[in-house]
Amino acid sequence: MSGSIQDTFFEECEELLEATDEGLTAIEGGDHDPEVVNAIFRAVHSIKGGAGAFGLDDLVAFAHRFETVFDEVRSNRLDLDEKLIQLLLRASDHLSALVEAARDGGQIDEAHHDTLLAALDEYIPEEEEDLTFEPMGLGGPAPMMDLGDLGAAPAVPQEETYRIRFQPLKEMYGTGNEPFFLFQALKDMGELTVQLDENELPGFDAMDMGESYLAWDLVLVTKEPRSVVEAVFEFVEGLCELSIAGDGDAEAEANALAALDAMFAAPPAAEAADGDTPAAPFEPPVPAPEPEAKPAAAEEKASAPKAESGKQEQRGGPKPTLRVELERVDRLINAVGELIINHSMLAQQIANLNVPDTRDVETELEGFKNLARDIQEGVMAIRAQPVKPLFQRMARIVREASAATGKTCKLVTEGENTEVDKTVIERLSDPLTHILRNAVDHGVEKPDDREAAGKSKTGEIRLSASHRSGSVCIEIKDDGAGVNRPRVKQIAIEKGLIPENAELTDGEIDNLLFAPGFSTAKEISNLSGRGVGMDVVKNAVTGLGGRINISSAPGKGSTFTIILPLTLAVMDGMVVSVADQTMVVPITSIVETMRGSDDMINSLGADGTLLSIRGNFVPICDVAGALGLYRESDQQAGVYLLVETETGQRCALAVDDIHDQRQVVIKSLDGVCGEIPGVAAATILGDGKIAMILDPESIIAASPTAAAFDTERRMSNAS
């Protein structure tokens, strides 16, 4: 049980760390709103509290220092200058590393840990540094309060007795929280008495296992202030009914009333105007004293804000969520895929019945198809997640790379709410990390070089995401020096990647960066120079069914564009015939379809052919020839699919026939038959046969006709 609770804690840590990163990013951008500062403080405090319950002392101690500095900020005793903001950003990154180490059992950099602690201590007042800190479980010690305006605090804290009424809501158990850990944290503060209230517990037959019936009455005698006691329950705020009443509440209320009397008292008689009667003092209405009812009234006042806050949270707070294992969602997606295949098979069987009138059946079958699509879209929406958490992690990568290279870079993100399949997000982390490190190490210049070139000393890397034509487009753009094409070409020649007399376009030189083993680093560093180049990135993106392109302008920077499918499960495709084989072409790649005639065909060189479309020429790529298939007759394919690559290059894919457009379930070929040039994946058709899903991008890239046409066009443009 404790393992599952700890897993829940780490899941919530991820959300809290995201909130911390988001708040610090806003602060770095100039938003010093107190609410932002308070939100970060609460997030760090909650991480510290949960870590204390599981005995994660290193995490608790660091979070405590981090939290104390933020308490100084929110108390307006510290100004958020650039130096402090950068320290807080590094501290947030290290807090994430500590959480990862606690979760995965890894090691932390002790030297870096001690350096950050020393840097944080510089912002903590000496009287707080002298306080010994010991982890205290959930909630932990409260941040120090500024008592400057309240007079000197007593040298020895006085014991106080708190009467606590705690009743968990059923939602609390859904988050994995246990009352035992809360009570354990309270017991660490002093003498605790716990009494169970089971009056609302129904009979066994009437019991609903999803409801919460138990409550507890606790009496705590401690020297800790009320804020520390309340902090224990901060982790379950809004998930329980809570009231905390102290024996000193009645005395505190009487002191407050006395202070009000003094505040509203009349001015001295000497200050009254000559001849005027001094004004009568203002007397606020005070209810008749009810000594015995005082503690109850104090209890109501203490509990009212909590209850009201809980109601507001239920009305306007975040929507309730349900955590589900990814494996269960995957099984559901597979079932939906089988449902779509089953629909295709039914449609095929009905078509083969040769019945004169099947309109009623076809109508019902169309309803089945729409329902299956709705279910598929709903399941995909469950898996879809915004890229915001991924982008926030990338800000940490840029900061670390900047520190390692002695450069100053900032990451600007756009389209953080763009939703992508969870699997895509998880497998996209490594390629993005590699590209961003490459942008900092090779793209952005040194601060002095940037200043000499008339640029800001701080390099800017822009990371954006958007939906485009049924795909996800992710761009990484830097404002650095761009690709040094002469040097890239020379290195490629030295490594034997291209012949010495090769004539390459700018785009072809840029794409040499994706060649296996290609690296421009002169020496090995923490970031580069170990023979692991951008080919790793290309392989990772290709493995996701996507593609990557690079464009660069000397002196202005480079842009990497990654195009990915929205999901790895289902897609819309055009079913075609190629050399008596049934295949599928992704619908997102197709611009238009047409039947060609002899007068539309033009020759290019010895073997190449071009298709004339409304006065423009596009190269023809015979799909059968590209895949090594042979037709039984010499009849040429007469149906063309006009497709367009991400770089804007167009090509006409020649096929034998087009059957229809349908939704197909993607079946990966990984581990089955390896990588097949021109083939992206496979699917199962309605008749139970397997059909290959083509990759138009790779087919065009391997086409000699498309390459010859591109060369001819460049030569004509140059002349």
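In this text, all values refer to a predicted model and were calculated from it rather than measured experimentally.

Trainee: What's the story with the pattern of salt bridges in this structure? I'm lost.
Mentor: A side chain of one charge can pair with a side chain of the opposite charge if their charged atoms are brought near each other. Considering all chains together, one arrives at 28 salt bridges under this definition. Among the ionic pairs, Arg-396 bridges to Glu-400, the shortest N-O distance being 3.3 Å. With Arg-396 and Glu-400 both in helix 14 (residues 388–405), this residue pair falls four residues apart, about one helical turn. Relative accessible area serves as the criterion here: at 17%, Arg-396 is assigned to the buried category. Lys-422 is the partner of Glu-426 in a salt bridge, and the nearest nitrogen-oxygen pair spans 3.3 Å. A residue pair is termed a helical-turn pair when its members lie 3 or 4 positions apart in one helix, as Glu-426 and Lys-422 do in helix 15 (residues 422–443) at four residues. Residue classification places Glu-426 among the partly exposed residues on the basis of a relative accessible area of 44%. Using a relative accessible area of 23% as the deciding quantity, one classes Lys-422 as partly exposed.

Trainee: Explain the sheet that holds strand 10 (residues 547–553) to me, please; I cannot follow it from the model alone.
Mentor: Within a sheet, each strand pairs with its neighbour through backbone hydrogen bonds, oriented either parallel or antiparallel. The sheet built from five strands is open, its strands ordered 6-8-9-11-10 with mixed pairing. Single-partner strands in this sheet number two, and they are strand 6 (409–414) and strand 10. Adjacent strand axes in the sheet meet at a mean angle of 15°, parallel and antiparallel pairs treated alike. Looking at chain direction, strand 8 (residues 459–468) and strand 9 (residues 471–478) are connected through eight bridges and run antiparallel. Residue pairing across strands places Arg-462 opposite Lys-477, the latter belonging to strand 9.

Trainee: Could you clarify how one ought to interpret a negative patch on the surface in this entry?
Mentor: Taken together, the side chains of Asp-57, Asp-58, Asp-109, Glu-110 and Asp-114 make up a negatively charged region of the molecular surface. Of all the secondary structure elements, the ones that give two or more residues to the negative patch are helix 3 (57–74) and helix 5 (110–121). Checked against the element boundaries, Asp-58 lands in helix 3. For Asp-58, a relative accessible area of 48% gives the class partly exposed.

Trainee: Before we go on, may I ask you to explain the environment of Ala-372 in this structure?
Mentor: Along the chain, Ala-372 turns up in helix 13 (residues 359–383). Every residue in contact with Ala-372, bar those within four places of it in the chain, is listed here: Val-336, Leu-339 and Ile-340.

Thresholds applied
- Residues numbered from 1 in each chain as written.
- Predicted model: local features only at pLDDT ≥ 70, side-chain atom pairs only at ≥ 80, totals over all residues.
- Heavy atoms only, no water.
- Salt bridge = Lys/Arg side-chain N within 4 Å of Asp/Glu carboxyl O.
- Helix = DSSP H or I, 4+ residues; strand = E, 2+ residues; numbered from the N terminus.
- Buried < 20%, exposed > 50% of the residue type's maximum accessible area, 1.4 Å probe, protein only.
- Pairing = 2+ DSSP bridges.
- Axes fitted to C-alpha atoms, helices over the stretch in contact; angles between N-to-C directions.
- Patch = residues over 30% accessible without salt bridge, like charges linked within 9 Å, V, L, I, M, F, W, Y side chains within 5 Å.
- Areas by Shrake-Rupley, 256 points an atom, 1.4 Å probe, with all protein chains shown as cover.
- Lys, Arg positive; Asp, Glu negative; His and termini not counted.
- Charge placed at Lys NZ, Arg CZ, Asp CG, Glu CD.
- Contact = heavy atoms within 4.5 Å.

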